Amino acid sequence: MGAKFPVAIIGVGNMGGAMATHLLAQGWPVGVCDLGAAKARSFEAFGAVAHVTPAQVAINSIAIIVCVVDAQQTHEVLFGEHGVMDAMQPGQMVMLCPTIAPEHTGEFARRLGERGIHTIDAPMSGGPARARDGSMSLMVACPAAVFERYGALVAALSGNVFRISERVGDGARTKLVNNLLAGINLVGAAEIMVMAKRMGLDLGRTLDVIEQSSGQSWIGSDRMRRAIAGDCAPRAHMTLLTKDTRLAVEAAQAVGFAGPLGAAARDVFGRASAGGLAELDDAALLQWLDGDKA
């Protein structure tokens, strides 16, 4: 797999924290940084070195993995006060994992490149459990030479790497396509579960049938199983698919395409978030639709 080198992870929430735990278990030297200093320090028990600012964690790292929520946070981590650009040197690498607009990914890569810093566009999918065991998906776009140089780290993070292209931004584009379909599927699954309930069907039995039939979707099964059990503890906050479906529809509009379902799914997530479910798991879409608030 190649020699292990020092890695920084900025943003150790559900996904970033799972990635840090996975790399540490494999013996990688990992530094961590988070807006919540206590959260960063909690990873010291697993062998990580916690730092207060992105600049500090970047100093002794070869690769910096950015795992924050959106483009604004990514910009702050990279170019804000005490951002990584204060400390990075030519030859280091930044891996961008958030779901953000392709134009932001491209702009960040351009600015990093002006300093001789490599960029790997690598949005992720699969959730914290799969990030923790290394089975999540990574959608990677970067020049071939950069991929070769940092291939050991990419392979350590994910056993399911999709090499999208050499054009930075294509990873972001692929992630938006995937997440819009995930959002459409989740809205559909929640709608059908409410329909089944109103028809007097047993929801668990109905989902058993769907999972072995043509209506099956991974996100529908995963979220509806939790929702039926009344478990809406946040793994993937409603706000994330609210953001992702909005970005995906904007990306479609930018190339002159307007499909019939994307904007509808975007609007459902937007209304659910505005209706008080923003900080719940997106599985809570079932209870929101069942409350006839659509």
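Right above here is the structure, for reference.
Quick caveat, the model's predicted, so the values are computed rather than measured.

## Focus: the overall build of the protein
Helix and strand counts for the protein stand at 14 helices and nine strands. The globule rule puts the C-alpha radius of gyration for 294 residues at 19 Å, and the 20 Å found for the protein is close to it. Structurally, the protein occupies a C-alpha span of about 60 × 45 × 35 Å along its principal axes. A total of 294 residues make up the protein; the buried ones form 50% of that total. Long-range contacts, defined here as pairs at least 24 residues apart, represent 65% of the contacts in the protein between residues at least 6 apart.

## Some remarks on the packing of aromatic side chains
Summed over the entire model, instances satisfying the criterion amount to four aromatic pairs. The interplanar angle of 50° and the centroid separation of 6.1 Å between the aromatic rings of Phe 43 and Phe 46 together place this pair among those described as tilted. Its relative accessible area of 9% is what places Phe 43 among the buried residues. Grouped by ring-pair contacts, the aromatic residues Phe 5, Trp 28 and Tyr 150 constitute a single cluster.

## Concerning the environment of Thr 242
With respect to the helices and strands, Thr 242 occurs in helix α12 (residues 238–254). Sequence separation between Thr 242 and Gly 91 is 151 residues; the distance between their C-alpha atoms is 36 Å. In this view, Thr 242 contacts Phe 269, Gly 270 and Ser 273; residues no more than four positions away in its chain are not counted.

## Some details on helix α10 (residues 203–211)
Within an α-helix, residues lying three or four positions from one another point in the same direction, as the helix has 3.6 residues per turn. Among the residues of α10, those classed as buried are Leu 203, Thr 206, Leu 207 and Ile 210. Along the axis of α10, the buried positions cluster into a sector of 95°, meaning they face one direction only. Its side-chain oxygen placed 3.2 Å from the backbone nitrogen of Gly 204, Asp 202 serves as the N-cap of α10.

## Description of the side chain of Arg 223
Residue placement: Arg 223 occurs in helix α11 (residues 218–228). When neighbours within four sequence positions are excluded, Arg 223 is seen to be in contact with Leu 186, Trp 218, Ala 236, Asp 281, Asp 282 and Ala 283.

## A few points about the packing of helix α9 (residues 170–198) against α11
Running from N to C, α9 and α11 cross one another at 45°; their axes reach a closest spacing of 9 Å. With respect to α11, the axis of α9 lies oblique. The interaxial crossing formed by α9 with α11 has right-handed handedness. Residues Ala 182, Asn 185, Leu 186, Ala 189, Ala 190 and Met 193 of α9 lie in contact with α11, whose contacting residues are Ile 219, Gly 220, Arg 223, Met 224 and Ile 228. Classifying every residue of the contact of α9 with α11 gives eight nonpolar, two polar and one charged.

Basis of the calculations
- Residues numbered from 1 in each chain as written.
- Predicted model: local features only at pLDDT ≥ 70, side-chain atom pairs only at ≥ 80, totals over all residues.
- Heavy atoms only, no water.
- Helix = DSSP H or I, 4+ residues; strand = E, 2+ residues; numbered from the N terminus.
- Rg over C-alpha atoms; globule rule 2.2 N^0.38 Å.
- Buried < 20%, exposed > 50% of the residue type's maximum accessible area, 1.4 Å probe, protein only.
- Contact = heavy atoms within 4.5 Å.
- Phe/Tyr/Trp six-rings, centres within 6.5 Å; stacked < 30°, edge-to-face > 60°.
- Arc of directions from axis to C-beta.
- Polar contact = N/O pair within 3.5 Å; in protein donor to acceptor, adjacent residues only side chain to side chain.
- Axes fitted to C-alpha atoms, helices over the stretch in contact; angles between N-to-C directions.
- Parallel < 35°, antiparallel > 145°, perpendicular 65-115°, else oblique.
- Left-handed = near helix turned anticlockwise from the far one by under 90°.
- Nonpolar A, V, L, I, M, F, W, Y, C, P; charged D, E, K, R; others polar.

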